Amino acid sequence: MENKIKKILEDADTKLLKTVTGKILAEHVLKGELQPGEEIGIRIDQTLTQDATGTVAYLEAEVLGIDRAKTELSVSYVDHNTLKMDHKNADDHVYLQSVAAKYGLILSKAGNGICHQVHLERYARPGKTLLGSDSHTPTAGGMGCMGIGAGGLDVALAIGGEPFFLKTPAVVGIKLMGRLKPMVAAKDVILAVLQKLGVKGGVGKVLEYFGPGIKTLTVPERATITNMGAETGATTSIFPSDEITLDFLHRVGREDEWVRLEADDDVEYGEIIEIDLSEIVPLIAKPHSPGDVVPVSEVAGLTVNQVCIGSCTNSSFKDLMTAVYMLKGKRVSPHVSLTISPGSMSVYYELAERGHLAELIAAGARILECTCGPCIGQGQAPRSGAVSVRTFNRNFKGRSGTTDAQVYLSSVETAVSSALTGVITDPRSMGELREIPMPDKIKMQDALIVEPPDPKQAEAVELMRGPNIKPIELREALPEKVQGSVLIKLEDNISTDIIMPAGVYLSLRSNVPEYAKHVFEPADPNFYDRAKEKGGGFVIAGDNYGQGSSREHAALCPSHLGVMAVIAKSFARIHLANLINFGIIPLTFKNEEDYDRVDLDDELELEAGALDSNELVIKNLSKGIEIPLRHTLTPAEVMRIKAGGSLAYISKSNADK
Ligand code: MIC
Ligand code: SF4
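An account of the accompanying structure is given in this report.

The rules behind each value
The written sequence of each chain sets the order in which its residues are numbered from 1. Lettering for chains starts from A, numbering for ligands starts from 1, and both go in the order in which the items are written. Local features in this predicted model are restricted to residues whose pLDDT is 70 or higher, and side-chain atom pairs enter the listing and the counts only when it is 80 or higher, whereas totals over whole chains, interfaces and linings include all residues. Hydrogens and water are ignored here; the side-chain numbers use all heavy atoms of the structure. A pair of strands counts as paired when DSSP detects no fewer than two bridges linking them. We count a stretch as a helix when DSSP gives it H or I for four or more residues in a row; a strand needs E for two or more, and each element gets its number in order from the N terminus. A fitted line through C-alpha atoms serves as each axis, taken over the contacting stretch for helices, and the angle formed by two N-to-C directions is quoted from 0 to 180°. Near is defined per residue: the residue qualifies when any heavy atom it owns lies within 4 Å of the molecule or strand. For this classification, Asp, Glu, Lys and Arg are treated as charged, while Ala, Val, Leu, Ile, Met, Phe, Trp, Tyr, Cys and Pro are nonpolar and the rest, including Gly, are polar. A 1.4 Å probe rolled over the protein chains alone gives each residue an accessible area, and that area as a share of the maximum for its type sets the label: buried under 20%, exposed over 50%, partly exposed in between. Directions from the helix axis toward the C-beta atoms define the arc. Think of a salt bridge as a Lys or Arg side-chain nitrogen and an Asp or Glu carboxyl oxygen that are within 4 Å of each other.

## What to know about the sheet that holds strand β27 (residues 625-630)
Next, step 1: Spatial strand order, β21-β22-β23-β24-β27-β26-β25: seven strands in a closed barrel with mixed pairing. With strand direction ignored, the average angle separating the axes of adjacent strands in the sheet is 40°.
Next, step 2: With two bridges connecting them, strand β25 (residues 603-607) and strand β26 (residues 615-620) associate as antiparallel partners. The residue of β26 that forms the bridge with L604 is N620.

What follows is the structure, given as structure tokens:
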């Protein structure tokens, strides 16, 4: 094994090895070729799951026969669905607690905070790899930890000690110069990056930050930037680990976990994007895409009905103190509802202990639990047609719970200014904010953290399954002739919120047959009935299909309904992997114009054997034509798809052993 790794490193792309990304990959590579575009298998040091993806991840771990975490650290967070409108969530939480005890995972209970904020404060470490069943796992990149989002099955495998496979990314250097002007925030930096790259400009890439400007940004600010890098489609985003990282680790009582990790002086990035921080102005993403970014001044004056502060992007102590200083002694506009969700119990406690909660309450802010809350449509759905300004990272249509709501994404500074005036407001018009003093230490709160028992006691733990928790089904092997009709035809940038809406259905995450009744509901409420009637079929889509969340239900539920293949112009990374895991063939048009040669209800036919080549054709029987297609699957992935997907393949191979 050691010789094999030595060989991988000898053959590795030397330019890559000079980057922070390359250094971490070189430390963790176990298989493959460290050359951009080539597949590698890497060792995963840490994992995280959250309740909305965690239950299926652990149900899959059960199918795989994983009985004990083999990672250095694995944490199961409960932060997405904590409303408990009936027994379903409560049952999920108890299941997760029993799983954590049995497998040796740390449990972060409901109310302890949003997974990424808590992980940054307590567990992420520079130089380590972190795989999370949530697309915003790159938040940890704010401290030089390589956080990658993946589907639950990949995380379950990593918990069992298996390598994580990915295409070696190209590293884009983002050079930051200068210093932000007053009232311009780290959020505006990532919005500026999104303005340049759009929602798919990061696919296949790692965004690595460097240059003198990074020294002006604290770890929580860096984490805001790496968090929302997910919206560019990037594999991850990362900052180096330097004295600023040490300072942060000191404040959270973990300075002994610091290591220096920086790119070499003679680093050469294949592509460089230069951003002068002093030139950035307050920015805002317009409905309904995080990539539709304009200066705040362009939409200033628009009446605002709701403002929400929080989410894994903007809920650090600094973010909330910004809100405190801006709201202190003032009143929220009478027609605005302002909510604030602290990112972690430690942040919440710190605010309470210093008396700042009282200031927020007096200004008219509604303080919510330390959870994802409105970000994932768990409460605070805006009224019909409302304008909602949120410090979150996603504003896909309907995600807030109200289809015709107009959701804007901004910094805390812009959000609070708008809450005070009642219209979208450029924060620079509100005067300067005084320097926010950071406490020397933020006391970590432990009351809602449960450490696992020792392995001996763990053996006796029974997994607690409520009636809504249904076992994961394994898909049958692919037939020789894959035939069926087109069940839906979709445009570009279809997000997983369209494929598998969250919001009110979040409590169905452990029950695939029930959740599957809502597949594609926002795009076509009749999809379920049509798929049932036809017994499955094909999905046609445009560019960047499956952007957004890591939820594997967006593959699992269509697979349950018999969807055999998705033919798109291009795919988002995590969703592509999820399709393979659950036996749906991801195909792309060789010529993009052919998208116009397939219509709803057309009968299509594909030979399974044709998948052995990366170029193939599909017959459109209704139109009597053949359409050339492509795929990027490796031979191993083709084998898995033919067996019904990775989960079916692995569990069958385990049974044959
Ligand atoms: C999201 O922001 O969309 C989520 C909810 O956090 C998802 C995970 C999920 O769907 O459970 C994500 O980002 O991966
Ligand atoms: Fe939670 Fe929203 Fe962050 Fe997703 S994006 S992890 S829902 S806070």
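## Considering the site of ligand 2
Next, step 1: As a structural note, the neighbourhood of ligand 2 is formed by H80, H116, D134, H136, S311, C312, C372, C375, I376, N393 and R399.
Next, step 2: Classifying every residue of the shell around ligand 2 by side-chain character gives four nonpolar, five polar and two charged.

## Observations concerning helix α22 (residues 635-642)
Next, step 1: Where α22 is concerned, the buried positions are E637, V638 and I641. Each buried residue of α22 sits inside an arc of 100° when the element is viewed along its axis, so together they form one side.
Next, step 2: Positive phi appears at G644, one or two residues downstream of α22, with a value of about 105°.

## Concerning the pattern of salt bridges
Next, step 1: Considering all chains together, one arrives at 44 salt bridges under this definition.
Next, step 2: With a shortest N-O distance of 2.6 Å, D264 and K23 are connected by a salt bridge. With D264 in the loop between α10 (243-251) and β12 (271-276) and K23 in helix α3 (residues 20-28), the pair connects residues that are 241 residues apart, well separated along the chain.
Next, step 3: Given the relative accessible area of 28%, D264 is considered partly exposed.

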